[in-house]
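# Topology and contacts: notes
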Amino acid sequence: QVQLVESGGGMVQAGGSLRLSCVASGSIFSINAMGWYRQAPGKQREWVATITSGSSTGYADSVKGRFTISRDNAKNTGYLQMNSLKPEDTAVYYCNAEIRGAAGLKFRSVWGQGTQVTVSS
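Throughout what follows, the structure given in this document is the object of discussion. Just so it is clear, the model here is predicted, and its values are computed rather than measured.

Cut-offs used in this document
Throughout this document, residue positions are counted from 1 along each chain, in the order its sequence is written. Local features in this predicted model are restricted to residues whose pLDDT is 70 or higher, and side-chain atom pairs enter the listing and the counts only when it is 80 or higher, whereas totals over whole chains, interfaces and linings include all residues. For side-chain calculations, the full set of non-hydrogen atoms in the structure is used, while hydrogens and water are omitted. Strands here are runs of E lasting at least two residues and helices are runs of H or I lasting at least four, both read from the DSSP assignment and numbered beginning at the N terminus. Exposure is judged per residue with a 1.4 Å probe applied to protein chains only, and the accessible area is read against the type maximum: over 50% gives exposed, under 20% gives buried, and values in between give partly exposed. Here a residue-residue contact requires only that any non-hydrogen atoms of the pair lie within 4.5 Å. Each pair of strands is called paired provided DSSP finds at least two bridges between the two strands. Note on aromatic contacts: the rings of Phe and Tyr and the six-membered ring of Trp form a pair at centre separations within 6.5 Å, being stacked when their planes are under 30 degrees apart, edge-to-face when over 60 apart, and tilted otherwise. As a reminder, the over-ring test applies to NZ of lysine and CZ of arginine, requiring each to be within 6 Å of the ring centre and within 35 degrees of the ring normal. Residues belong to one nonpolar core when they are buried, are Ala, Val, Leu, Ile, Met, Phe, Trp, Tyr or Cys, and are joined through side-chain atoms within 4.5 Å. Nitrogen and oxygen atoms within 3.5 Å of one another constitute a polar contact, given that in protein one can donate a hydrogen and the other can accept it, and given that sequence-neighbouring residues count only through two side-chain atoms.

Within the protein one finds zero helices and eleven strands. N-terminal to C-terminal, the α/β element order of the protein is β-β-β-β-β-β-β-β-β-β-β. Its C-alpha atoms give the protein principal-axis dimensions of roughly 50 × 25 × 25 Å. Buried positions account for 40% of the 121 residues belonging to the protein. Pairs at least 24 residues apart make up 57% of the contacts formed inside the protein by residues separated by at least 6 positions.

Another aspect to go through is the pairing of strand β1 (residues 3-7). Every second residue of β1 is oriented toward a common face, the buried set being L4 and E6 and the non-buried set Q3, V5 and S7. Here β1 runs beside strand β3 (residues 18-25); their pairing, made up of five bridges, is antiparallel. Bridged to V5 within β3 is V23.

Once that is clear, we can look at the packing of aromatic side chains. The description of an aromatic ring pair rests on the distance of the ring centres and on the angle between the ring planes. A full pass over the atoms with the stated rule returns one aromatic pair. R19 extends its terminal NZ or CZ atom over the ring of Y79, reaching a point 4.0 Å from the ring centre.

Membership of the largest hydrophobic core comes to 30 residues, with the highest contact counts inside it found for W36, L80, M82 and Y93. With five residues, the single largest contributor to this core is strand β9 (residues 91-100).

Relative to the helices and strands, T77 resides in strand β8 (residues 77-82). For T77, a relative accessible area of 6% puts it in the buried group. Engagement of the side chain of T77 in a polar contact is seen with the backbone oxygen of K75, the distance being 2.8 Å.

Attention now goes to the pairing of strand β4 (residues 30-39). Most of β4 sits inside the fold, with seven of its ten residues counted as buried. As paired elements, β4 and β9 share eight bridges and run antiparallel to each other. Each bridged residue has a counterpart across the sheet, and for W36 the counterpart in β9 is C95. In this antiparallel pair of consecutive strands, β4 and strand β5 (residues 46-51), the connection spans six residues, and G42 shows a positive phi of 80°.

Attention shifts here to unusual backbone geometry. Despite not being glycine, S55 has its phi angle at roughly 70°, a positive value. Along the chain, S55 turns up in the loop between β5 and β6 (57-59). Look at S84: it is not a glycine, yet its phi comes out positive at around 50°. Mapped onto the secondary structure, S84 falls in the loop between β8 and β9.

Structural measurements only, silent on function.
This is the structure in structure tokens:
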């Protein structure tokens with residue numbers, strides 16, 4: 001059983017910073033892309049950022065220049081550094097990863113349980 005556990009969420013004032021972590025555990029052979037998504041109250045879940053196994057990155061326009069995604073493959077961990085936070089960044093942030101449990105198996109999309117980020121004005 002593979003699971004993702006996010007941490008690092010909390011409450012911060014506008015202009016502040018938070019660093020989210022996402023740790024993958026269980027039977028892991030390899031991890032392909034890792035990504036972060038968020039869902040604000042009353043809104044659909046939206047993509048925030050992705051990092052590939054080769055460390056290529058992509059960002060939503062709304063966070064470009066403020067958020068940085070990274071990963072530590074040795075620790076099966078992904079990160080999202082969030083700077084210059086705005087009230088509109090308030091949401092539950094979810095980690096997603098494409099994980100292969102053993103050689104020869106297909107990659108499977110796994111989601112974390114989410115971590116709340118609240119930015120006050």
